[in-house]
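Understanding the architecture of this molecule
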Amino acid sequence: MGKIENMNFEIILATSNKHKLKEVRDILSPHGIVLYGLSDLNLPPLQDKEGDSSYEENAFIKAKEVSKYTTYPIIADDTGLEIEALNNRPGIHSSRYIEECGGREQAFKNIIHDLEGRDRKAKFISTICLLNVEDKPLYFVGETWGHIREEVSQKDNGFGYDPIFYCEEINKTYSEISEQEKNQVSHRAKALKKLLTYLRIYGYISK
């Protein structure tokens, strides 16, 4: 894929999650990037093939799966909530943990219970893998620090673990802020900003 001049840079996000697609699209589109989800191009949904070793591995697995069907540039991310007192769990198994608990509500209850009387420090980490631009996968990482609330926020504007993660940069939970505010401070936003810097430096985008 050559460098793009005076036109939009088209890229695929390896996800069928409409919330994630909107979040990433909102961050990238002002920079001349057209972002497609899998369903936009009638590509098959991802199979559950995540590994157990790292965010980088999981992001690469997702991007590599999509690369079987297209030569478009592809980005895939793997994100986790790491809670220090729980040995950085649920970590790379964050999505799986919610499923194993039967949903978010029970997952939140379990985490809050397990943290009674313990340090509540936590961070979100997001790793993005970029394929079909260079001859090797490229990775961009973003982190946001905070702590786990003692109770679930009554506002639920976000998704995932947003109602229990209190972001120290904004002194609110992720679920208590607007999408625009979250896109300034979130772990995924920070990783995407590094991606944008790379694309800009190497001439793939101009904004």
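A short tour of the structure in this document, coming up. (Residues numbered from 1 in each chain as written. Predicted model: local features only at pLDDT ≥ 70, side-chain atom pairs only at ≥ 80, totals over all residues. Heavy atoms only, no water.)

This part is about the packing of aromatic side chains. Counting across every chain of the model gives 9 aromatic pairs. Relative to Tyr72, the ring of Tyr36 has its centre 6.0 Å away and its plane inclined at 70 degrees; by these criteria the two rings are edge-to-face. Highlighted residues: Tyr36 in strand β2 (residues 33–36) and Tyr72 in the loop between α2 (55–67) and β3 (74–83), separated in sequence by 36 residues. Residue classification places Tyr36 among the buried residues on the basis of a relative accessible area of 18%. An aromatic cluster of three or more residues is present, and its members are Phe9, Phe140, Tyr198, Tyr202 and Tyr204. (Phe/Tyr/Trp six-rings, centres within 6.5 Å; stacked < 30°, edge-to-face > 60°. Helix = DSSP H or I, 4+ residues; strand = E, 2+ residues; numbered from the N terminus. Buried < 20%, exposed > 50% of the residue type's maximum accessible area, 1.4 Å probe, protein only.)

Let's shift gears to the nonpolar core. The biggest cluster of nonpolar side chains holds 24 residues, and the ones touching the most others in it are Leu28, Ile75, Leu130 and Leu199. The element that contributes the greatest number of residues to this core is helix α6 (residues 187–201), accounting for 7 residues. When sequence neighbours within four positions are dropped, the list of residues in contact with Ile75 reads Ile11, Ile12, Leu13, Ala14, Val24, Leu28, Leu35, Ile128, Cys129, Leu130, Leu192 and Leu195. Counting 22 residues, the second-largest nonpolar core is a separate cluster that includes Ala85, Phe108, Ile148 and Ile177. (Core = buried A, V, L, I, M, F, W, Y, C linked by side-chain atoms within 4.5 Å. Contact = heavy atoms within 4.5 Å.)

This next bit is on unusual backbone geometry. The omega torsion of the bond from Arg89 to Pro90 falls at 0 degrees, within 30 degrees of zero and hence cis. Tracing the sequence through the fold places Pro90 in strand β4 (residues 89–91). Located in the positive-phi region is Asn42, a residue other than glycine, with phi close to 55 degrees. With respect to the helices, strands and loops of the structure, Asn42 is situated in the loop between β2 and α2. According to the relative accessible area criterion, Asn42 is exposed, its value standing at 72%. Phi is positive for Asn88, which is not a glycine, with a value near 65 degrees. Tracing the backbone shows Asn88 in the loop between β3 and β4. You can call Asn88 partly exposed: its relative accessible area is 37%.

Turning to the environment of Arg120, a few remarks are in order. In this structure, Arg120 sits in the loop between α4 (104–114) and β5 (121–131). The class of Arg120 is buried, set by a relative accessible area of 14%. Considered as a pair, Arg120 and Arg89 are 31 residues apart in the sequence and their alpha carbons are 12 Å apart. With sequence-adjacent residues up to four places away left out, Arg120 is seen in contact with Ile112, Leu115, Gly146, His147, Ile148, Arg149 and Glu150. In this structure the side chain of Arg120 is engaged in a polar contact, spanning 3.2 Å, whose partner is the backbone oxygen of Leu115. (Polar contact = N/O pair within 3.5 Å; in protein donor to acceptor, adjacent residues only side chain to side chain.)

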